[in-house]
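# Per-entry structural report
As a plain string of letters, each chain reads:
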Amino acid sequence: PASTHKGYLLGGLVWFTIPFALATSLGLAGVALQLPISVSEAGAGLVPPAVATHLFGSGGAVMMAVMLFMAITSTGSAE
């Protein structure tokens, strides 16, 4: 019990790196590939799907949809 809060804090910090690294790498890839993404599309969070679709074709779109589904499912199961 005494180390539980440390484990939760450490787990939260470690888990935070996954979306941060994913957003950073896909955002920079969108700039490097010079994809035609408007400011409103970038503001709506559509850069990662655009980069994944550009790099992997329709498989990239499926991967992003599966990842989004798994994230929402795991959030719902945590309650």
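Refer to the structure above for everything that follows.
Rules and cut-offs
Residues numbered from 1 in each chain as written. Predicted model: local features only at pLDDT ≥ 70, side-chain atom pairs only at ≥ 80, totals over all residues. Heavy atoms only, no water. Helix = DSSP H or I, 4+ residues; strand = E, 2+ residues; numbered from the N terminus. Buried < 20%, exposed > 50% of the residue type's maximum accessible area, 1.4 Å probe, protein only. Areas by Shrake-Rupley, 256 points an atom, 1.4 Å probe, with all protein chains shown as cover. Phe/Tyr/Trp six-rings, centres within 6.5 Å; stacked < 30°, edge-to-face > 60°. Arc of directions from axis to C-beta. Contact = heavy atoms within 4.5 Å.

### Structural notes on the overall build of the protein
In terms of helices and strands, the protein carries four helices and zero strands. Taken from N to C terminus, the helices and strands of the protein fall in the order α-α-α-α. With the C-alpha coordinates aligned to their principal axes, the bounding extent of the protein is approximately 50 × 20 × 20 Å. Counting only residues that meet the buried cut, the protein has 13% of its 79 residues in that class. Here the protein displays about 6,100 Å² of accessible surface, and carbon together with sulfur accounts for 76% of that area.

### What about the packing of aromatic side chains?
One pass over the full model with this rule turns up one aromatic pair. Ring centres 5.9 Å apart and planes at 20° place the aromatic pair Phe 16 and Phe 20 in the stacked group. One end of the pair, Phe 16, and the other, Phe 20, are both in helix 1 (residues 4-32), four residues apart, so they sit about a helical turn from each other. On the basis of relative accessible area, Phe 16 is assigned to the exposed category, the value being 52%.

### Focus: helix 3 (residues 47-56)
Val 47, Pro 48, Val 51 and Ala 52 are the residues of helix 3 that are buried. Buried positions in helix 3, seen along its axis, are confined to an arc of 125° and lie on one side of it. Close packing links the buried residues of helix 3 with helix 1, helix 2 (39-43) and helix 4 (58-77). Directly beyond the C-terminal end of helix 3, a positive phi value near 70° is found at Gly 57.

### Some remarks on unusual backbone geometry
Despite not being glycine, Gln 34 has its phi angle at roughly 55°, a positive value. Its location among the elements puts Gln 34 in the loop between helix 1 and helix 2.

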